[in-house]
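# Per-entry structural report
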Amino acid sequence: MQHHKRPPASILFIFGGSGDLNYRKLTPALYNLFLDEWMPEQFAIVGIGRTEYTSENYRAHLQEGISKFSRRKAEANGHYKEFFEHVNYLQLDAGDIESYQRIAEYVQTKEQEWGTHPNVIFYLAVAPQLVPSIAQELGTLNLCKDKSTTRIVIEKPFGHDLASAHELNDLLTGLFAEEQIFRIDHYLGKETVQNILALRFANALFEPVWNRHYIDHIQITAAESVGLEGRGGYYEHSGALRDMVQNHILQLMCMVAMEAPVSFDANEIRNKKVDVLNAIRPIKKEDVHESAVRGQYGDGWMKGKQVTGYRQEKGVDPLSNTETYAAVKFYVDNWRWQGVPFYVRTGKLMHQKSTHITIQFKDAPTFAFPSEAAESWRSNRLTISIQPEMDIRIRFQAKRPGQTMTLDPVNMTFNYEGSDDHTPEAYETLLLDVMEGDATLFMRADQVEAAWKVIMPILETWEHRSPQDFPNYVPDSWGPEDADALIARDGHSWINLPPTR
Ligand SMILES: NC(=O)C1=CN([C@@H]2O[C@H](COP(=O)(O)OP(=O)(O)OC[C@H]3O[C@@H](n4cnc5c(N)ncnc54)[C@H](OP(=O)(O)O)[C@@H]3O)[C@@H](O)[C@H]2O)C=CC1
Ligand SMILES: O=C1O[C@H](COP(=O)(O)O)[C@@H](O)[C@H](O)[C@H]1O
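Quantities reported herein were computed from a predicted structural model and do not represent experimental measurements.

Reading the values: rules and limits
Residues numbered from 1 in each chain as written. Chains lettered and ligands numbered in written order. Predicted model: local features only at pLDDT ≥ 70, side-chain atom pairs only at ≥ 80, totals over all residues. Heavy atoms only, no water. Patch = residues over 30% accessible without salt bridge, like charges linked within 9 Å, V, L, I, M, F, W, Y side chains within 5 Å. Areas by Shrake-Rupley, 256 points an atom, 1.4 Å probe, with all protein chains shown as cover. Salt bridge = Lys/Arg side-chain N within 4 Å of Asp/Glu carboxyl O. Lys, Arg positive; Asp, Glu negative; His and termini not counted. Charge placed at Lys NZ, Arg CZ, Asp CG, Glu CD. Helix = DSSP H or I, 4+ residues; strand = E, 2+ residues; numbered from the N terminus. Buried < 20%, exposed > 50% of the residue type's maximum accessible area, 1.4 Å probe, protein only. Near = heavy atom within 4 Å. Polar contact = N/O pair within 3.5 Å; in protein donor to acceptor, adjacent residues only side chain to side chain. Nonpolar A, V, L, I, M, F, W, Y, C, P; charged D, E, K, R; others polar. Phe/Tyr/Trp six-rings, centres within 6.5 Å; stacked < 30°, edge-to-face > 60°. Lys NZ or Arg CZ within 6 Å of the ring centre and 35° of its normal. UniProt positions renumbered as here; feature names shortened; annotations may be inferred. 1 Å grid on protein atoms, 1.4 Å probe; cavity = no way out; pocket = protein on both sides within 12 Å on 5 of 7 lines; lining within 4 Å. Contact = heavy atoms within 4.5 Å. Points joined across faces, edges and corners; volume = space filled by probe spheres on them. Pairing = 2+ DSSP bridges. Axes fitted to C-alpha atoms, helices over the stretch in contact; angles between N-to-C directions.

### Focus: a negative patch on the surface
- Where like charges cluster on the molecular surface, the negative patch consists of Asp-469, Glu-481, Asp-482 and Asp-484.
- Looking at where Asp-469 falls in the secondary structure, it is placed in the loop between helix H13 (445-463) and helix H14 (481-488).
- Residue class for Asp-469 comes out partly exposed when judged on its relative accessible area of 42%.

Shown next as structure tokens:
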């Protein structure tokens, strides 16, 4: 039974319809939206690529992707046929200017068939070098002049550095209005990431202590246990800082550090986030070695399986200077956060997949208990686990039952109810938002550029430093020793979360 308002009639053109992202993420997400009755009453999905497919072959290919990657894959259901009636394939070379007319014709046909002017969404799931020319051609189509119904979705990476991101923004904003441009950062679509806003701004409990007076430091970890997964060609020109810190991690940091929005209007939220990025203290190039650590994994063993080193991966230079691990210490120079370090880290082939944020509170001002009562009284800690655990834990001291005053740290945990099967995937949320025209969870032009600005000094320093010590960490570890030293210099250590399940 449907209890919600569906988006208006929509056509989604997916450039890269024959590619990996569509196969693994986009179509499974659209299918789940369809099962949950979130797809519009009238919709069409058109995959675009050069590969030759009949409609049947194309649908069979995507059905295989759903059965492998949809959160609903275990469900026996009879809805494939209904769903795939809405799915078609347009064999088209994006470099062929004439072929764009076929897109306009397709829209006209649907308009007549449905008796309404639909949303027209262009999802660019293609390599970044194709984005400018496709955007250019789409921008000249008459139908893109309709700002309220035509949208363009740009996948990451958004630029390679500040200059190229700026150039891309210039091109896009010259062709489309800002409200038509949806720059994806899929972390913003994750349920647990959105919950950071709920935790902070729907409760009065945390705000009084959410500042430099009570918080000692903050840690953000996005550790991956996977390696390159066949994406060596891309990753070799990216590295951990571009791939994870510039976008996902800085966005998490914004959500933790931003001021309270006065409304949930897309621009209000994005204004508050960009304020954080603009307040991050610039790291001088000569200080990069004190604030940032990079790593690259060598060969070794991962959970009992032998794995090759990064430099032996397909598409990677045997003397590669690309980092597969990055840790950075940031400061946010504003009244709320002055003096509070934000330690962030990410890496491939780490010991455990774990994305979490830890707010470490300051010690109680004085300890009235006998000194033997507790091993350590630095206990108050709030942990927001993004994945694979999806919970919020508050750690505090409690008395151990018995005749002596002995204190132990205990956790109070909120766990998302139910199994992962019921939690929408990030791409489901984001695709639905695009159909609804809600850009809150998407990156605005100035946000992307502000984030690049933050990491440019580190990128430029690392690019010019020879990787003499690479590889410097083994698979199945927590990264290079220098990263431990980075945080130990301030008297702290990285917090690795034991799984709760
Ligand atoms: N895969 C993933 O998990 C993720 C991907 N991304 C981003 O998504 C984008 C796509 O990645 P991915 O799907 O992995 O890449 P793939 O290489 O798998 O797909 C590329 C797609 O581009 C199409 N294409 C290439 N040239 C042309 C052309 N001249 N005309 C029309 N279509 C063309 C290809 O179709 P054909 O060969 O049939 O022409 C194919 O469908 C990239 O920007 C990537 O960084 C972001 C996050 C995760
Ligand atoms: O954007 C990217 O994200 C993935 C990690 O995403 P997650 O949802 O699995 O946490 C990362 O593996 C990839 O290298 C990067 O491009």
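### Observations concerning the site of ligand 1
- What surrounds ligand 1 is a group of 20 residues, the closest being Ser-18, Asp-20, Arg-50, Thr-51 and Ala-94.
- For ligand 1, an oxygen atom lies 3.2 Å from a polar atom in the side chain of Arg-24.
- Here ligand 1, which alone exposes 890 Å², has 78% of that area covered by the protein.
- Here the residues of the shell around ligand 1 sort into eight nonpolar, six polar and six charged.

### Side note on the packing of aromatic side chains
- Tallying each qualifying case throughout the model produces 22 aromatic pairs.
- Consider the rings of Trp-337 and Phe-342, whose centres lie 5.4 Å apart with planes at 80°: the pair is edge-to-face.
- By relative accessible area, Phe-342 is classed as buried at 0%.
- Taking 5.5 Å as the distance between ring centres and 55° as the angle between the ring planes, the aromatic pair formed by Phe-367 and Phe-369 counts as tilted.
- Look at Phe-367 and you get partly exposed, because its relative accessible area is 21%.
- Joined through ring pairs, the aromatic side chains of Tyr-31, Phe-34, Phe-43, Tyr-80, Phe-83 and Phe-84 make up one cluster.
- The ring of Phe-69 has Arg-24 lying over it, and the distance from NZ or CZ to the ring centre is 5.8 Å.
- Taking NZ or CZ as reference, Lys-190 lies 4.7 Å from the ring centre of Tyr-187, over its face.

### Things to note about the UniProt feature "binding site: NADP(+)" (unreviewed entry) in the protein chain
- When the UniProt feature table is mapped to this numbering, "binding site: NADP(+)" (unreviewed entry) covers Arg-50 and Lys-156. From this annotated list, the subset lining the largest cavity comprises Lys-156.
- Of note, Arg-50 is situated in the loop between strand S2 (43-49) and helix H2 (55-69).
- The exposure class assigned to Arg-50 is exposed, which follows from its relative accessible area of 63%.
- In contact with Arg-50, not counting residues within four places along its chain, are Tyr-89, Gln-91, Leu-92 and Asp-93.

### Structural notes on the pattern of salt bridges
- In the structure shown here, the tally under the stated rule is 22 salt bridges.
- The partner of Glu-37 in a salt bridge is Arg-6, and the shortest N-O contact between them spans 3.8 Å. Of the two residues, Glu-37 is situated in the loop between helix H1 (20-35) and S2 and Arg-6 in the segment before strand S1 (10-15); the sequence distance between them amounts to 31 residues.
- Overall, Glu-37 belongs to the partly exposed group, its relative accessible area being 28%.
- Close ionic contact of Arg-242 with Glu-463 constitutes a salt bridge, the shortest N to O distance being 2.8 Å. Note that Arg-242 is positioned in helix H9 (residues 240-257) and Glu-463 in helix H13, a separation of 221 residues in sequence.
- Relative accessible area serves as the criterion here: at 10%, Arg-242 is assigned to the buried category.
- Here Glu-463 falls in the partly exposed class, since its relative accessible area comes to 43%.
- Residues joined in a network through salt bridges with shared partners are Arg-6, Glu-37 and Glu-41.

### What about the side chain of Asp-391?
- Residue placement: Asp-391 occurs in strand S15 (residues 391-399).
- Given a relative accessible area of 1%, Asp-391 falls into the buried group.
- A distance of 3.1 Å separates polar atoms of two side chains, one belonging to Asp-391 and the other to Arg-393.

### Some points on empty space enclosed by the protein
- Enumeration according to the criterion identifies three cavities of 30 Å³ or more in this entry.
- What the largest cavity holds in volume is close to 90 Å³.
- Around the largest cavity sit Ile-154, Glu-155, Lys-156, Pro-157, Phe-158, Arg-183, Ile-184, Asp-185, Gln-246, Asn-247, Met-443 and Val-448, which together line it.
- Broken down by class, the residue content of the lining of the largest cavity amounts to six nonpolar, two polar and four charged.

### Observations concerning the sheet that holds strand S14 (residues 381-387)
- Spatial strand order, S8-S11-S12-S7-S13-S14-S15-S16: eight strands in an open sheet with mixed pairing. In this open sheet, the two strands that pair with only one neighbour each are strand S8 (292-295) and strand S16 (407-415). Put simply, the sheet's adjacent strands are angled 15° from each other on average, direction ignored.
- Here S14 runs beside S15; their pairing, made up of five bridges, is antiparallel. Within the sheet, the bridge partner assigned to Ser-385 lies in S15 and is Asp-391.
- Taken strand by strand, helix H7 (residues 191-201) contacts strand S13 (354-361), S14, S15 and S16, and its axis lies near 150° from that of S14.

### Section: the sheet that holds strand S3 (residues 87-91)
- Read across the open sheet, the six strands follow the order S3-S2-S1-S4-S5-S6; overall the sheet is parallel. Edge positions in the sheet fall to S3 and strand S6 (181-183), since each has one partner strand and no second. Taking the axes of each pair of neighbouring strands and ignoring which way they run, one obtains an average angle of 20° across the sheet.
- Relative to S3, S2 runs parallel, the two being bridged by five bridges.

### So, the site of ligand 2
- Not every one of the 13 residues close to ligand 2 is listed here, only the nearest: Tyr-187, Lys-190, Glu-224, Asp-243 and Gln-387.
- One of the side-chain N or O atoms of His-248 is found 2.8 Å from an oxygen atom in ligand 2.
- Its free accessible area being 400 Å², ligand 2 has 85% of it covered by the protein chains.
- Top contributing element to the shell around ligand 2 by residue count: H9, with three residues.
- Taken together, the residues of the shell around ligand 2 sort by class into three nonpolar, three polar and seven charged.

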